[in-house]
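Summary of structural features
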Amino acid sequence: MKKVYLIGYMGSGKSAIGKRLSFSTRLPFYDMDTEIEKRLGMTIPEIFEKYGEAYFREKETEFLRSFRNENCIIATGGGVAMKRENRELMRSTGLVFYLNAPFRDIWRRISTDRNRPIVQRSTRSELEQLYDERLPHYLKAAHFKVETENRTLRQVTEYLAFQIGRLKGDI
């Protein structure tokens, strides 16, 4: 069984596109952050506050190691590709699509989001620096780089569905 992983910086559209892609491909959709919240019975901000980011990152790796073995779509956390083990787990168990969005678009989407601990404690400049630091890791993890700039959610979803259908023998 193979999974479809959507990776990218926070606000790149992973969850929004994942839900639409699930509908068009009839594959179940899971949001990694939501699944971790369910497992721990806490929100992401609560996990960060109580246990710290390193603990949360370990929970992401545990998720990748242990999540059910089924054909499905998974929207990952924005930092999941930073860890080599996570990149290897995703690449070996599925197809990895990197949703590339320019930082200006991302900033517009995330700047007022209260459910993102890192946004609440960082400046725009710090978040843009983090974006730049994560980019090479997304590229290392991805089988496909998907440009989202000037494309609607529908266009991106249709492109992903086409690629999944084309590679169906691989998933």
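In case you missed it, the structure is sitting above this.
Residues numbered from 1 in each chain as written. Predicted model: local features only at pLDDT ≥ 70, side-chain atom pairs only at ≥ 80, totals over all residues. Heavy atoms only, no water.

1. So, the pattern of salt bridges
Per the stated rule, a full pass over the model turns up 15 salt bridges. We note a salt bridge from Glu-70 to Arg-68, for which the minimum N-O separation is 3.8 Å. In this structure Arg-68 comes out as partly exposed when scored by relative accessible area, which is 44%. Linked by salt bridges that have partners in common, Glu-53, Arg-57, Glu-60 and Arg-121 make up one network. (Salt bridge = Lys/Arg side-chain N within 4 Å of Asp/Glu carboxyl O. Buried < 20%, exposed > 50% of the residue type's maximum accessible area, 1.4 Å probe, protein only.)

2. What about unusual backbone geometry?
Positive phi, normally seen in glycine, also occurs at Arg-26, with a value near 60 degrees. Within the element layout of this structure, Arg-26 appears in the loop between α1 (14–25) and β2 (29–31). (Helix = DSSP H or I, 4+ residues; strand = E, 2+ residues; numbered from the N terminus.)

3. Observations concerning the pairing of strand β1 (residues 3–7)
Looking down a regular strand, the side chains alternate between one sheet face and the other. The element β1 is largely enclosed, with a buried count of five among its five residues. Relative to strand β3 (residues 72–75), β1 is paired through four bridges, and the arrangement is parallel. By the bridge assignment for β3, Tyr-5 is matched with Ile-74. (Pairing = 2+ DSSP bridges.)

4. Side note on helix α3 (residues 44–51)
Since there are 3.6 residues in each turn of an α-helix, residues three or four apart along the chain are aligned in direction. What α3 keeps buried is the set Ile-44, Ile-47 and Phe-48. Viewed along the axis of α3, the buried residues span an arc of 95 degrees, placing them on a single side of the element. Exposed positions of α3 whose direction lies more than 90 degrees from the buried face are Glu-49 and Lys-50. Its buried side turned inward, α3 meets α2 (32–40), α4 (53–66) and α7 (117–120). (Arc of directions from axis to C-beta. Contact = heavy atoms within 4.5 Å.)

Purely spatial values, then, with no claim about function.
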